[in-house]
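Summary of the model geometry
So the chains spell out like this:
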Amino acid sequence: MFGFFSSGLFLGWSLGANDASNVFGTAVASQMIRFRTAALYCSLFVILGAVISGAGASHTLGKLGDVNAVAGAFIVAFAAAMSVYLMTLARFPVSTSQAIVGAIIGWNIFSGSLTDMSSLTKIVSTWIFCPLLAAGISMPLYLMTGGGIRRFGIHMFKLDAITRWSLLGAGIFGSYSLGANNIANVMGVFVPVAHLSDISLLGITFSGAQQLFLLGGIAIAVGVFTFSKRVMLTVGKGIFDLSPVMAAVVVWSHSIVLFLFSSVALETWLKNHGLPQFPLVPVSSSQAIVGAVIGVGLLKGGKTIRWKTVAGITSGWVTTPIIAALISLLSLFFLQNVFQQDTFRKVEYMLDNEAMARVEQSGVATKSLEPLLLRQLPNAVSLKKEVEKLLQLDERSLKLVMETAELDNLKISVEALRGIESQIISENQLKALIKISGRGFNHRWQMAEALAEQSLEFQFNDDKEHNTRLNSLLKRLYNQFRQ
Amino acid sequence: MKIFKRALGVEKQIDNFLNQVVRSGLIFSQGAEAYLTGNKTDFKRKLKEIVEVEHTGDDLRRSIQQYLYTKTLIPESRSDVLQLLEDMDSLLDRFKGALWRMEIENLDIEEDFHEDFLLLIKVVVETVEAIVHAVRAFFKNISAVADHLDKVYYWETESDKISTRLQSAIFRKEELRLSHRMLQRELARHLDKIADRAEDVADSLNIYVIKRSV
């Protein structure tokens, strides 16, 4: 199993080598902070961010493509890491978020899975929104900082000391946010396939995902220590010459943006106050930095911005996912056909009578779908094609048909019941499982419905947090009872 | 917190160094006045004082220089600041040099020129005080630098005017020997050059301000 994680660790290492430069690059290049200090704080807080708050952004990535075999996850992470590495060699500031998205799409194409367009749109739109937001934050922040310095007449040396602390603070906050947001890129694809047991240490329980995130965080830290210095020293001279105060403003803006896109607590708070929420998606720290730098550069008249470099960076944002998708496709082909490894679990589809009834209940006219009744289809893409031939459905209804038709082979066996860890499930939920023991299901929704009938705790409600928890529990149970 | 203490320490040293520059101007002014009035004792005392001030200024400048390099403070403006301090130190040196010139040459300055010489000294000291204010503002309140620089340029122009007037008057005094005329002219030029040098520092400071605000 750990052999398969190696590509994730490689991706973590390259993320550490590259993205740490966004957080501490300007501070180190301008000699405001020593490399050793920067690397130490960066590593520590990346790991903390990954383990404590890493779960938020990984959900969206999971929805984009449910990589369902560990060998497939290995290739997805490998393709992303390879494209990051190649782009770095070509001296393009690269985004691991884009690389991993490209690689997942490559896997989706290879395995015949559908790419969830709403998740993809959500992620791609943040690639545009993220630099704009960073620019939008850096501009007023810079104006306020400049105003404050003038208003209080801070002595150059005091300002120097404040700026150093500010750079360190922004770097720490940035590292934490980077860990929280980007760990999904590094380890996200392994979460559904790794099935690690929870570990309790000093009274704190680490879930399987957290263990993976810790591993990924350590890989990032190694990347920071071994390879980021060179990148850090060149990053400051990229788009615009930054003074240390500007650098601090830029790093704060970057860190705020990353935090906005990864904090579950903030999302809950915004929701409770009736405010619009930020989607929890892995965003690119490079894009955030570039946006923030351009924001400050524009305030200075924009004449000194090297637009050619900006254009180069932006073109890298388009090519990175494409390269990653191609590498992913090619490597999957080799691993599957040359090395005989299962890079995906075959998921077939069939609209049987129960499935038809469920679809009809939800308001979709099933009459036109009758030619598909009891026809077994090899993958999601072929089912989608067949359905679209017969009738036009909106995205939500199509998703429902696909989900309902998806075949699985689940059996609530006594042996599998014994293997369930008590920490992940409540007493009532366990009772519900025992009640349906011995039953088998061809569709996952059938098992979910059977459980919901037995216990309220298996029913979805208006509480988003409860639903997220329930979804993740159900996923674990499907894996547990799959024959 | 160590870094704030460090900042406070170097701030004090720079303030102290600039105080030495101002003090050297005042000592020079009093010393020159004593020379013109023939008060040898006061002149000697002022000469001694200015040498001490110059030593203190040199020590402070070296200490600041070493501090900035070893503690890697203000990396982006370090070279500008050090150049600025060196330039300010050269003003201090020139005040000392002017008093020593009087001591070495033991020049007999015609009474007719005393008033203009005193005025020139006053204007030169004003120029240097204005540049000291500008430098202090550079560290504390960068937007105020321009106002002080305006004063530097104003006093430097005044100094030019007085110096030209004084040199013309010296050379029109035909009863004096040429060598005597030339020595008095040189002294007037020496004093005017202090104001010129302050103007050069003002020009550099102007650039440092632009660099810092980019």
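Residues numbered from 1 in each chain as written. Chains lettered and ligands numbered in written order. Predicted model: local features only at pLDDT ≥ 70, side-chain atom pairs only at ≥ 80, totals over all residues. Heavy atoms only, no water.

We now examine the overall build of chain A. Secondary structure summary: chain A contains 20 helices and six strands in total. Taken against the 2.2 N^0.38 rule, which gives 23 Å for 483 residues, the C-alpha radius of gyration of chain A at 24 Å falls within 12% of a compact globule. Taken along the three principal axes of its C-alpha coordinates, chain A extends 75 × 50 × 45 Å. Relative to its 483 residues, chain A shows a buried fraction of 53%. Within chain A, counting contacts between residues at least 6 apart in sequence, those at least 24 apart form 79% of the total. With 38 positive and 29 negative side-chain charges, chain A shows a spacing of 14 Å between the two charge centroids. (Helix = DSSP H or I, 4+ residues; strand = E, 2+ residues; numbered from the N terminus. Rg over C-alpha atoms; globule rule 2.2 N^0.38 Å. Buried < 20%, exposed > 50% of the residue type's maximum accessible area, 1.4 Å probe, protein only. Contact = heavy atoms within 4.5 Å. Lys, Arg positive; Asp, Glu negative; His and termini not counted. Charge placed at Lys NZ, Arg CZ, Asp CG, Glu CD.)

Moving on: the packing of aromatic side chains. Residues and elements named next belong to chain A. For the coordinates displayed, the defined rule picks out 15 aromatic pairs over all chains. A centroid spacing of 5.9 Å and a plane angle of 85° characterise the contact between F110 and F344, whose relative ring orientation is edge-to-face. Taken together, the residues F110 in helix α5 (residues 96-111) and F344 in the loop between α13 (307-337) and β3 (349-350) connect sequence positions 234 residues apart. Ring pairs connect the aromatic residues F10, W13, Y85 and F227, which therefore count as one cluster. The side chain of R151 reaches across the aromatic face of F152, ending 5.4 Å from its centre. (Phe/Tyr/Trp six-rings, centres within 6.5 Å; stacked < 30°, edge-to-face > 60°. Lys NZ or Arg CZ within 6 Å of the ring centre and 35° of its normal.)

Right, let's talk about the packing of helix α2 (residues 35-53) of chain A against helix α7 (residues 156-187) of chain A for a bit. The angle between the axes and the distance between the axes are what describe a pair of packed helices. Residues and elements named next belong to chain A. At their nearest, the axes of α2 and α7 sit 7 Å apart, and the two run at 40° to each other. Relative to α7, the element α2 is oriented oblique. In the packing of α2 onto α7, the handedness of the crossing is right-handed. Contacts between α2 and α7 pair T37, Y41, C42, F45, V46, L48, G49, A50, I52 and S53 from the former with L168, I172, S175, Y176, L178, G179, A180 and I183 from the latter. Taken together, the residues that form the contact of α2 with α7 break down as 13 nonpolar, five polar and no charged. (Axes fitted to C-alpha atoms, helices over the stretch in contact; angles between N-to-C directions. Parallel < 35°, antiparallel > 145°, perpendicular 65-115°, else oblique. Left-handed = near helix turned anticlockwise from the far one by under 90°. Nonpolar A, V, L, I, M, F, W, Y, C, P; charged D, E, K, R; others polar.)

The subject of this paragraph is unusual backbone geometry. Positive phi values are uncommon outside glycine, yet L374(A) reaches one of about 60°. Looking at the secondary structure, you find L374(A) in the loop between α14 (353-361) and β4 (376-377). One non-glycine residue, N106(B), adopts positive backbone phi at about 45°.

Bringing the state of the cysteines into the picture now. Residues and elements named next belong to chain A. Scanning the entire structure with this criterion turns up zero disulfides over all chains. Here C42 stays unpaired: no disulfide links it, and the sulfur of C130, its closest cysteine neighbor, is 17 Å away. Given a relative accessible area of 0%, C42 falls into the buried group. For C130, a relative accessible area of 0% gives the class buried. (Disulfide = S-S within 2.5 Å.)

With that settled, consider the domain arrangement of chain A. Residues and elements named next belong to chain A. In terms of domains, chain A is made up of domain 1 (2-337), domain 2 (349-405) and domain 3 (410-481). Centre-to-centre, using C-alpha coordinates, domain 1 lies 35 Å away from domain 3. With 11 residues of domain 1 in contact, the opposing surface of domain 3 contributes 10 residues. Both sides together, the interface formed by domain 1 and domain 3 hides about 740 Å², and carbon and sulfur atoms give 39% of it. For the pair domain 1 and domain 3, the interface holds zero salt bridges. (Domains from an automatic or database assignment. Buried area = accessible area lost by both parts, 1.4 Å probe. Salt bridge = Lys/Arg side-chain N within 4 Å of Asp/Glu carboxyl O.)

Let us now look at the side chain of T126(A). By secondary structure assignment, the location of T126(A) is in helix α6 (residues 117-152). Contact partners of T126(A), with chain neighbours within four places excluded, come to P131(A), F261(A), P279(A), V281(A) and V283(A).

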